[in-house]
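The residues making up each chain are set out below.
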Amino acid sequence: MFVGSLAWEGVSGMGLRTFIEGWPVYRQLTGTDPLGRGAAAKSARSAGLTARTEAAESVARSVCPYCAVGCGQRVYVADGQVTQIEGDPDSPISRGRLCPKGAASKSLVTSPLRQTTVRYRRPYSTQWEDLDLDTALDMIADRMLAAREQTWEDADEQGRPLNRTLGFASLGGATLDNEENYLIKKLFTAMGALQIENQARI
């Protein structure tokens, strides 16, 4: 028979006992895994598999960068590169769960299309150029100070004190934590800004 010939070919080169013991059904019937959901179902290949997080050298806690829910994430790193991102079971918000976008956020971090430099297009220019972070931050600070100086209001028409500026505003992102929001609020309030909002609240 065809089945018999296949079985015989499989037996050749190894003992009959070894061949039979290699069957998952045999291990299921004779071992400690009668339901076939553990050791009985393992093959040589599956026994050699390891978790994608096993080789990680460090684990950092983060927040999912997408929506305003703020699900916790564990970021696994090896050789300075992100190797896996999973839900953080210690997060009181998501308790280890991630939606499909959050579960796939590793591709956002490691994508070759991700911008890793500051891109700047000068007024009336048609070309983008790369700036280092320190230069970009200095440009932002200079423009904020200039806008504050140009739009500062000491008092209204009746002489009532205002001490404010409408020259700039702040819109925070959903992934900012409480500490970052606190510092942003203190900074912009100290500079006299009124429009201080957060995307998560809007």
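As the structure is a computational prediction, the values presented were derived from the model and not from experiment. (Residues numbered from 1 in each chain as written. Predicted model: local features only at pLDDT ≥ 70, side-chain atom pairs only at ≥ 80, totals over all residues. Heavy atoms only, no water.)

## Concerning the UniProt feature "domain: 4Fe-4S Mo/W bis-MGD-type" (unreviewed entry) in the chain
(1) Moving on: In this structure's numbering, the residues bearing the UniProt feature "domain: 4Fe-4S Mo/W bis-MGD-type" (unreviewed entry) are residues 57-113.
(2) Moving on: In residues 57-113, the share of helix is 18% and the share of strand is 35%. The end C-alpha atoms are 26 Å apart. (UniProt positions renumbered as here; feature names shortened; annotations may be inferred. Helix = DSSP H or I, 4+ residues; strand = E, 2+ residues; numbered from the N terminus.)

## As for the side chain of Thr-165
(1) Moving on: Considering the arrangement of structural elements, one finds Thr-165 in strand E7 (residues 161-165).
(2) Moving on: A residue is classified by how much of its surface remains accessible, and Thr-165, at 0% relative accessible area, is buried.
(3) Moving on: Polar contacts involving the side chain of Thr-165 include one to the main-chain amide nitrogen of Gly-167, which spans 3.0 Å.
(4) Moving on: Apart from residues no more than four positions distant in its own chain, Thr-165 is found in contact with Ala-147, Arg-148, Thr-151, Trp-152, Met-191, Gly-192, Ala-193, Leu-194 and Gln-195. (Buried < 20%, exposed > 50% of the residue type's maximum accessible area, 1.4 Å probe, protein only. Polar contact = N/O pair within 3.5 Å; in protein donor to acceptor, adjacent residues only side chain to side chain. Contact = heavy atoms within 4.5 Å.)

## A short note on helix H7 (residues 133-151)
(1) Moving on: Taking 1.5 Å of rise per residue, the 19 residues of H7 would be expected to cover 27 Å, and the 27 Å separating its terminal C-alpha atoms lies within 8% of that figure.
(2) Moving on: What H7 keeps buried is the set Ala-136, Met-139 and Ala-147. The buried residues of H7 occupy an angular sector of 65° when projected down its axis, which confines them to one face. Opposite the buried face of H7, by more than 90 degrees, sit the exposed residues Asp-134, Asp-142, Leu-145 and Glu-149.
(3) Moving on: Close packing links the buried residues of H7 with strand E4 (118-120), strand E5 (129-131) and E7. (Expected span 1.5 Å × (residues − 1). Arc of directions from axis to C-beta.)

## A closer look at the nonpolar core
(1) Moving on: Listed in full, the five residues of the largest apolar core are Ala-147, Phe-168, Phe-188, Met-191 and Ala-193.
(2) Moving on: Contacts of Ala-193, omitting those with residues within four sequence positions, involve Thr-165, Phe-168 and Phe-188. (Core = buried A, V, L, I, M, F, W, Y, C linked by side-chain atoms within 4.5 Å.)

## Here's the deal with the pattern of salt bridges
(1) Moving on: All told, the structure shown has eight salt bridges when counted by the stated rule.
(2) Moving on: Ionic pairing is found between Arg-74 and Asp-90, a salt bridge with its closest N-O pair at 2.7 Å. Placement of Arg-74 in strand E2 (residues 72-78) and of Asp-90 in the loop between strand E3 (81-87) and helix H5 (100-103) is noted, with a sequence separation of 16 residues between them.
(3) Moving on: Its salt-bridge partner being Glu-129, residue Arg-122 comes within 2.7 Å of it at the nearest N-O pair.
(4) Moving on: Taking the relative accessible area as the measure of exposure, Arg-122 reaches 40% and is therefore partly exposed.
(5) Moving on: By relative accessible area, Glu-129 is classed as partly exposed at 28%. (Salt bridge = Lys/Arg side-chain N within 4 Å of Asp/Glu carboxyl O.)

## Some thoughts on the state of the cysteines
(1) Moving on: For the structure on display, the rule yields zero disulfides.
(2) Moving on: Cysteine Cys-71 shares no disulfide, and the gap to the nearest cysteine sulfur, in Cys-67, comes to 6.0 Å. (Disulfide = S-S within 2.5 Å.)

## Section: the side chain of Ser-105
(1) Moving on: Tracing the backbone through its elements, the reader meets Ser-105 in helix H6 (residues 105-110).
(2) Moving on: Filtering out sequence-adjacent residues up to four positions away, Ser-105 remains in contact with Pro-65, Tyr-66, Gln-73 and Ile-85.

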